[in-house]
Amino acid sequence: MEEVCKEQNTKSWLSVIWRVCNLFMSLFFALATYVQINDPDAGLWMVGYGVPTVLCAIIGLNPHVTETLPWRRVADLHVMISSAVVAMLGWRLYKERITEIFQQEEGREFSGLMLTAVWLVLCRHSGRAPVGMLRVSTAVAITVFPFVAWLYYHINKELRTNWPSHCKNAI
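Residues numbered from 1 in each chain as written. Predicted model: local features only at pLDDT ≥ 70, side-chain atom pairs only at ≥ 80, totals over all residues. Heavy atoms only, no water.

Quick notes on the overall build of the chain
For clarity, the threshold we go by: Think of it this way: any DSSP run of H or I at least four residues long counts as a helix, any run of E at least two long counts as a strand, and we number them from the N terminus. Whether two residues are in contact is decided by their heavy atoms: any pair within 4.5 Å suffices. Using a 1.4 Å probe, the Shrake-Rupley method yields the accessible areas, and only the shown protein chains count as cover for residues.
Each helix and strand counted, the chain has six helices and zero strands in total. When the helices and strands of the chain are read in sequence order from the N terminus, they spell out α-α-α-α-α-α. For the chain, long-range pairs separated by at least 24 residues make up 70% of all intrachain contacts whose partners lie at least 6 apart in sequence. Accessible surface, the chain as shown: approximately 10200 Å² in total, 68% of it carbon and sulfur.

Let's talk about the packing of helix H2 (residues 42-61) against helix H3 (residues 69-95)
Selection criterion: For helices, the fitted line uses only the C-alpha atoms of the stretch in contact; every axis is such a line through C-alpha atoms, and the angle between N-to-C directions lies from 0 to 180 degrees. Should the near helix be turned anticlockwise from the far one by less than a right angle, the crossing is left-handed, and should it be turned clockwise, the crossing is right-handed. Each residue gets one label: Ala, Val, Leu, Ile, Met, Phe, Trp, Tyr, Cys and Pro are nonpolar, Asp, Glu, Lys and Arg are charged, and the others, such as Gly, are polar.
Where H2 contacts H3, the axes come no closer than 11 Å and their chain directions differ by 140°. Viewed along their axes, H2 and H3 form a crossing whose handedness is left-handed. Together, Trp45, Val47, Gly48, Val51, Pro52, Leu55 and Ile59 of H2 and Trp71, Val74, Ala75, His78, Val85 and Leu89 of H3 make up the contact between the two elements. A class-by-class count of the residues in the contact of H2 with H3 yields 11 nonpolar, two polar and no charged.

Quick word on the packing of H2 against helix H4 (residues 105-123)
Quick note on the threshold: Convention used here: angles under 35 degrees read as roughly parallel, angles over 145 as roughly antiparallel, angles from 65 to 115 as roughly perpendicular, and any remaining angle as oblique.
For the pair H2 and H4, interaxial distance at closest approach is 11 Å and the crossing angle is 25°. Classified by the interaxial angle, the pair formed by H2 and H4 is roughly parallel. In this structure, H2 crosses over H4, and the sense of that crossing is left-handed. Counting all contacts with H2, which are made through Trp45, Gly48, Tyr49, Pro52, Leu55, Cys56 and Ile59, the residues of H4 involved are Arg108, Glu109, Gly112, Leu113, Thr116, Trp119, Leu120 and Cys123. Here the contact of H2 with H4 is built from residues that sort into 10 nonpolar, three polar and two charged.

In structure tokens, the structure reads:
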């Protein structure tokens, strides 16, 4: 009986952590949506980050929503379009032999879209059964990375010297 209670307790903590990760990723995607306001093609990128913002917020409030047809269709469409754009940006970065991708706008766009696609794939079918340790551990690692990277670039201003002006003054 005690083992069943421990397993159930662990599953409930994993569920809470999963929901918190989705709320934090929703916050991150909302910030990413906001900083696009100065971008020349802001509308495109605001939709690119706004859709995952809403999808993640919904998961944070109701994790079983990932099993509904509307959520899956919107997430799948976003992943499909993002994957196509990621492939095009990745090819361009490869063709131009760009190695420091965060120093190029295309590299940051590539990384951001890749993050949205990977996160939405991780969320897919997460409401079907209780989330496991592997999914939650992966979610925690992915959730921490963008906040740490953003903080690192915010603190080290010299890393942003070559960025276009619309990338420097949003936050």
